[in-house]
Amino acid sequence: MRQSFKSVFLTVFATYLIAIPAFAATSSPILIKAEDVMFQPAPGFPKGAEIVLLRGDLGQPVPYTMRLKLPDGYVIPSHWHSTDEEVTVLSGTLNVGQGDKVDKSQSTALNPGGFQLVPAKAHHYVWSTGETVIQLHGMGPRTTVFVNPAEWTALIQKSNS
C-alpha cells in the first residue's frame, strides 16, 4: 500500500507540475514579480493548500524552488523526503515538529523569516497558524513519503466530503 500511494501521489504531483509554467535550468536570471506568482490548488493534498513552482522540475535531479500556501490550522502529518528540504516562512506561522506523529505540544513556531533545514529521510510534520506561505528549496527529484499513508488519505477524503 505504501509504495502504491507514493507512486500515485508522485504521478499526480508530477503531472500537475508539468502544466505549471516553470523555468528550466538557465544561465539567465529568473525574475518573477510578486503579483505574477499564481498559486494553484495543490494536487494530492487535502483542499485548501495551494502551490506554485517557481523553478526546476520536481521529477528531475535539478534544483527547485516552490511556494506552498496553507490555510489556518492546516496539518501535514509526519512524512519524509529523499533529499534535504529548505523551508523559509514568508508569512503566517509554520509550526514544525519531528517524529512519526503530530504532537503540537512538541512543535516549534516559525514566523516570517524563520528557516528550517530538514535533512533527507527525517520524519517531520507541520501545521499552520493563520494563512501561511512558505518557500521550499531543494534538489530534485523530490519525493514525499508519509509515515502513515492512511492518515494522509483520510485527510484528503475528509476535505472532499
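As shown above, the structure is provided for reference.
Residues numbered from 1 in each chain as written. Predicted model: local features only at pLDDT ≥ 70, side-chain atom pairs only at ≥ 80, totals over all residues. Heavy atoms only, no water.

The next subject is the side chain of Ser-78. Turning to its location among the elements, Ser-78 is positioned in strand 4 (residues 75-80). Within the structure, Ser-78 has its side chain in polar contact with the backbone oxygen of Gly-99 (distance 2.5 Å). Leave out the neighbours within four places in its chain, and Ser-78 touches Gly-99, Asp-100, Lys-101, Val-102, His-123, His-124, Tyr-125, Phe-146, Val-147 and Asn-148. (Helix = DSSP H or I, 4+ residues; strand = E, 2+ residues; numbered from the N terminus. Polar contact = N/O pair within 3.5 Å; in protein donor to acceptor, adjacent residues only side chain to side chain. Contact = heavy atoms within 4.5 Å.)

Once that is clear, we can look at the pattern of salt bridges. Here the structure, examined in full by the defined rule, presents one salt bridge. The salt bridge involving Arg-142 is made with Glu-85; its shortest N-O contact spans 2.8 Å. In this pair, Arg-142 sits in the loop between strand 8 (124-139) and strand 9 (145-146) while Glu-85 sits in strand 5 (residues 85-98), placing the two residues 57 residues apart along the sequence. Here Arg-142 and Glu-85 have matching classes, each one buried. (Salt bridge = Lys/Arg side-chain N within 4 Å of Asp/Glu carboxyl O. Buried < 20%, exposed > 50% of the residue type's maximum accessible area, 1.4 Å probe, protein only.)

Among the nonpolar cores identified, the biggest contains 23 residues, and Phe-45, Leu-68, Ile-76 and Leu-94 are the most heavily contacted of them. Listing elements by their share of this core, those giving two or more residues are strand 2 (50-55), strand 3 (63-70), strand 5, strand 8 and helix 2 (149-160). Beyond its immediate stretch of four places on either side in the chain, Leu-94 contacts Leu-70, Val-87, Val-89, Thr-108, Ala-109, Leu-110, Val-126, Trp-127, Thr-132 and Ile-134. The next biggest cluster of nonpolar side chains, apart from the first, holds five residues, and it includes Val-37, Phe-39, Val-52 and Leu-54. (Core = buried A, V, L, I, M, F, W, Y, C linked by side-chain atoms within 4.5 Å.)

As defined by bridge partners, strand 5 adjoins strand 7 (residues 115-118) across four bridges and the pair is classed as antiparallel. Its bridge partner being in strand 7, Val-87 is matched across the sheet by Gln-116. As paired elements, strand 5 and strand 8 share 12 bridges and run antiparallel to each other. Following the sheet pairing, Gly-97 is matched in strand 8 by Tyr-125. Note that strand 5 and strand 6 (residues 108-110) share three bridges and pair antiparallel. Across the sheet, the residue bridging to Val-96 is Thr-108, located in strand 6. (Pairing = 2+ DSSP bridges.)

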